[in-house]
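What follows is each chain in one-letter form.
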Amino acid sequence: MDKQSKLLTAKDLNRMRGRVKLKLTNIKKFIDSCENTITDKTQIVITAQQKLNGVKVLEEELETLFKQYLHIEEDEKSSNKSDEEMLELLEERDEIEVSLKCLLSKYNINDVAMIENKGNHDSDLKLYIDHIELKSKLPEIPLPIFYGKIEEFSNFKNQFVSLISDNKDLTNDQKLFYLKAALRGEAKLIETSDDTFESLFSALWIYISKIC
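Just so we're clear, the structure is a prediction, and the values are computed from it rather than from any experiment.

S.K.: For this particular structure, what's the right way to read the packing of aromatic side chains?
M.R.: How two aromatic rings sit relative to each other is set out by the distance from centre to centre and by the angle between their planes. Throughout the structure, instances matching the rule amount to nine aromatic pairs. Note on Phe 146 and Phe 153: the rings are 5.4 Å apart at their centroids and 65° apart in plane angle, and the pair reads as edge-to-face. Taking relative accessible area as the criterion, Phe 146 reaches 0% and is therefore assigned buried. Seen in terms of ring centroids, Phe 146 and Phe 156 are 5.2 Å apart; in terms of plane orientation they differ by 25°. Their pairing is stacked. On the criterion of sequence distance, the pair formed by Phe 146 in the loop between helix 6 (122–134) and helix 7 (150–165) and Phe 156 in helix 7 is long-range, its members being ten residues apart. Pair check on accessibility: Phe 146 and Phe 156 agree, each one buried. One aromatic cluster is present, formed by Phe 146, Phe 153, Phe 156, Phe 160, Phe 197, Phe 201 and Trp 205 through successive ring pairs.

S.K.: Looking at this structure, how should I read the confidence of the model for the chain?
M.R.: The predicted coordinates ought not to be read in detail in places where the model reports low pLDDT. Looking at the chain, the pLDDT average stands at 76 and 76% of residues meet or exceed 70. In the predicted structure, residues 1–6 sits below a pLDDT of 50 and forms five contacts with residues beyond four places in sequence or in another chain. Considering only residues more than four positions removed or in separate chains, one finds that residues 109–116, a stretch of pLDDT under 50, has 19 contacts.

S.K.: Please explain the pattern of salt bridges as it appears in this structure.
M.R.: Counted by the stated rule, this structure contains nine salt bridges. Taking the shortest distance from any N to any O, the salt bridge between Arg 93 and Glu 59 comes out at 3.9 Å. In this pair, Arg 93 sits in helix 4 (residues 76–107) while Glu 59 sits in helix 3 (residues 41–69), placing the two residues 34 residues apart along the sequence. The exposure class assigned to Glu 59 is partly exposed, which follows from its relative accessible area of 31%. In this structure, Glu 97 and Arg 93 form a salt bridge, with 2.6 Å as the shortest nitrogen-oxygen distance. Of this pair, Glu 97 and Arg 93 are both found in helix 4, four residues apart, which corresponds to roughly one turn of the helix.

What counts and how
- Residues numbered from 1 in each chain as written.
- Predicted model: local features only at pLDDT ≥ 70, side-chain atom pairs only at ≥ 80, totals over all residues.
- Heavy atoms only, no water.
- Phe/Tyr/Trp six-rings, centres within 6.5 Å; stacked < 30°, edge-to-face > 60°.
- Buried < 20%, exposed > 50% of the residue type's maximum accessible area, 1.4 Å probe, protein only.
- Helix = DSSP H or I, 4+ residues; strand = E, 2+ residues; numbered from the N terminus.
- pLDDT = per-residue confidence, 0-100.
- Contact = heavy atoms within 4.5 Å.
- Salt bridge = Lys/Arg side-chain N within 4 Å of Asp/Glu carboxyl O.

Below you can see the structure in the form of structure tokens.
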């Protein structure tokens, strides 16, 4: 523990704990509002993912805070109370994480996987919004997934070409988004940060030719 952490008092830590509690309360309010006031699916999914990322950060903050409480001098009664309140916060954080994941999966489990795999770039966010808006233009058929197994490639290719590659309503950027979302496992390793739809699809063919 660094010198600055050792200088923290119980009052300091209680204030920090209060801020974490407030953040969790605000996230719970968002979850409740999704049932009553927010109707835009895109807004719900994107905001829920942002909140989920924040909740994961709070887990680290709580663990650090818990350790800091162990290094301050308190009487036994105060120490036990601090321990109980910290454990309650940790449990509350865990419950909120589950609630957010349930909220995301309520809309579409594939949407959750796609948005969790995206980076923090504005272009990726725009593509995700486009994805939500374009779902109505896609057939109501699950998008194919490819894990890198040669025996699955022919079926994957036929479905992907039919649903995505030949879909004139999709731009190449949107096709790239779907292709990245479709690749899993070993097949995911062929992706690069500079991919275009054409380059990634070509890389996929090269990958298949090497494992044949």
